Amino acid sequence: MTDTQWDTYRYRVHSAAMVTPVIRELWLEPIGEPLPFRPGQYILFADDRYAVPQRSYSVANAPRADGRLSVLVTLVPGGRTSTWAHGISVYDEVSVEGPFGTFTTPDGATSPVLLLGAGSGLAPVRALAEALLDPSRPEGAAGRRVTLFFSGRTARDAIDRLRFEEWRRSIQRFDYRLTCTRDAREERHRRIPALLPDEFETLRGVEVFAAGPPGFVTACQAAAEALGAATVDIRTEEFFTDPAPWYDTVPPIEHGARAPMQEGSP
Ligand SMILES: Cc1cc2nc3c(=O)[nH]c(=O)nc-3n(C[C@H](O)[C@H](O)[C@H](O)COP(=O)(O)OP(=O)(O)OC[C@H]3O[C@@H](n4cnc5c(N)ncnc54)[C@H](O)[C@@H]3O)c2cc1C
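As a starting point, this report considers the structure included with it. Every value quoted in this text rests on a predicted model; they were computed, and no experiment measured them.

### Concerning the overall build of the protein
Looking only at helices and strands, one finds six helices and eleven strands in the protein. Within the protein, buried positions represent 54% of all 266 residues. Taking as baseline every contact in the protein between residues at least 6 positions apart, the subset at least 24 positions apart corresponds to 72%. On the protein, roughly 12300 Å² of surface is accessible, and the fraction owed to carbon and sulfur atoms is 50%.

In structure tokens, the structure reads:
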């Protein structure tokens, strides 16, 4: 499968739940042939009549035998497709196109993996974590060490916290680190790019994945490079329409400059 081969698939909403105050998780089940994809890839998602614009959403799970897909959709104020996705109901039929993207890891790689996500940027890194930690999958066969670092504003943003903490207890090669940027009661409450030098002596030889709002991803990439990660080993997935509050608070990017991180953002 290459990035340029894709198709349209019909799915229906199997279940839907708010997993943070602004993120809705939709589980979609295939009506017929399921979408083939690699963990970390994304789809184009819209209603079955294309009344809303198709938008990109990362698949939030590794491939499953039942073909179901999860998406984590941040509600963007005034956003057409995210507002639609927050309003659809169980059994509604939807259109899925894909798979797209290169936010994936090569089979057979053995290096440790660092997964960095903020907000709904958890989606592709959760898919990668599921695959990397499952020895029966090609991505998991090498038994690579996996660290998932997630950033939210408060504990209410920490999607799947209990699940990841349970994995940390039961899977020796997995670590989960959470930072809550607006909650000083949590063990960590600074942004991930600022925390990385405290948490890792070096990232030389580590494969790094960063997903979420563009300002977050850019800052993670710079921090990982500063710690010795090779540019070719850093994969990024920028959710290029910034969900609020990033959209409102990040100033315009000047030509050739990196977007500065905002105080209080994840
Ligand atoms: C590879 C990839 C993966 C992604 N994965 C996810 C994911 O897993 N989860 C997720 O939540 N999002 C994800 N996104 C973002 C997603 O694709 C959408 O961009 C997002 O949901 C907003 O779409 P929308 O139709 O709701 O908003 P839009 O209708 O596009 O509007 C977004 C915001 O921009 C404003 N706006 C729109 N057009 C203009 C304009 N011309 N001028 C000024 N302001 C404007 C709107 O008022 C609104 O505030 C991903 C993006 C990419 C590229």
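### A word on the side chain of E139
The residue E139 is located in the loop between helix 2 (122-132) and strand 8 (146-152) in this model. Within the buried set, E139 has no salt-bridge partner at all; the shortest N-O distance to an opposite charge, 4.2 Å, is to R38. Setting aside chain neighbours within four positions, we find E139 in contact with R38, P39, T105, D107, A131, L132 and R144.

### What to know about the nonpolar core
Proteins that are soluble and globular tend to have nonpolar side chains buried together. If you look at the biggest cluster of nonpolar residues, it comprises 26 residues, and the most contacted ones within it are L115, L122, L148, F174 and Y176. Listing elements by their share of this core, those giving two or more residues are strand 7 (113-118), helix 2, strand 8, helix 3 (161-170), strand 9 (174-180) and strand 10 (207-212). Here this core gets six residues from one element, more than from any other, and that element is helix 2. Those residues in contact with F174 that sit more than four places away from it in its chain are L133, R145, V146, L148, F164, W167 and R168.

### Brief notes about the site of the ligand
Around the ligand, 21 residues are found, and the nearest of them are R55, S56, Y57, L72 and S82. At 2.8 Å from a nitrogen atom of the ligand is found a main-chain nitrogen or oxygen belonging to L72. Within the contact set of the ligand, an oxygen atom lies 2.8 Å away from a backbone nitrogen or oxygen of T74. For the ligand, whose accessible area on its own is 980 Å², the fraction buried by protein is 75%. Take the shell around the ligand: its biggest share by element is four residues, from strand 4 (residues 55-58). Here the residues of the shell around the ligand sort into nine nonpolar, eight polar and four charged. When residues of the shell around the ligand are sorted by domain, at least three fall in each of domain 1 (7-100) and domain 2 (113-249).

### Topic: the packing of aromatic side chains
This structure, assessed with the given rule, holds eight aromatic pairs. A ring pair is formed by F45 and W84, whose centres lie 5.1 Å apart and whose planes are at 55°; its orientation type is tilted. Of this pair, F45 sits in strand 3 (residues 42-47) while W84 sits in helix 1 (residues 80-87), and the two are 39 residues apart along the sequence. Like W84, F45 is buried. Measuring from centroid to centroid gives 5.4 Å for F164 and W167, while their planes differ by 75°, and the two rings are edge-to-face. A residue pair is termed a helical-turn pair when its members lie 3 or 4 positions apart in one helix, as F164 and W167 do in helix 3 at three residues. The class of W167 is buried, set by a relative accessible area of 15%.

### Describing the packing of helix 2 against helix 3
Helix-helix packing: each pair is described by the crossing angle between the helix axes and the interaxial distance. Following both chains from N to C, one finds helix 2 and helix 3 inclined at 30°, their axes separated by 13 Å at the closest point. Regarding the angle of helix 2 to helix 3, the classification is roughly parallel. Taken as a pair, helix 2 and helix 3 cross one another with a handedness that is left-handed. Contact residues: L122, R126, A129 and E130 in helix 2; R163, F164 and W167 in helix 3. Its residues assigned to classes, the contact of helix 2 with helix 3 comprises four nonpolar, no polar and three charged.

Thresholds applied
- Residues numbered from 1 in each chain as written.
- Predicted model: local features only at pLDDT ≥ 70, side-chain atom pairs only at ≥ 80, totals over all residues.
- Heavy atoms only, no water.
- Helix = DSSP H or I, 4+ residues; strand = E, 2+ residues; numbered from the N terminus.
- Buried < 20%, exposed > 50% of the residue type's maximum accessible area, 1.4 Å probe, protein only.
- Contact = heavy atoms within 4.5 Å.
- Areas by Shrake-Rupley, 256 points an atom, 1.4 Å probe, with all protein chains shown as cover.
- Lys, Arg positive; Asp, Glu negative; His and termini not counted.
- Salt bridge = Lys/Arg side-chain N within 4 Å of Asp/Glu carboxyl O.
- Core = buried A, V, L, I, M, F, W, Y, C linked by side-chain atoms within 4.5 Å.
- Near = heavy atom within 4 Å.
- Polar contact = N/O pair within 3.5 Å; in protein donor to acceptor, adjacent residues only side chain to side chain.
- Nonpolar A, V, L, I, M, F, W, Y, C, P; charged D, E, K, R; others polar.
- Domains from an automatic or database assignment.
- Phe/Tyr/Trp six-rings, centres within 6.5 Å; stacked < 30°, edge-to-face > 60°.
- Axes fitted to C-alpha atoms, helices over the stretch in contact; angles between N-to-C directions.
- Parallel < 35°, antiparallel > 145°, perpendicular 65-115°, else oblique.
- Left-handed = near helix turned anticlockwise from the far one by under 90°.

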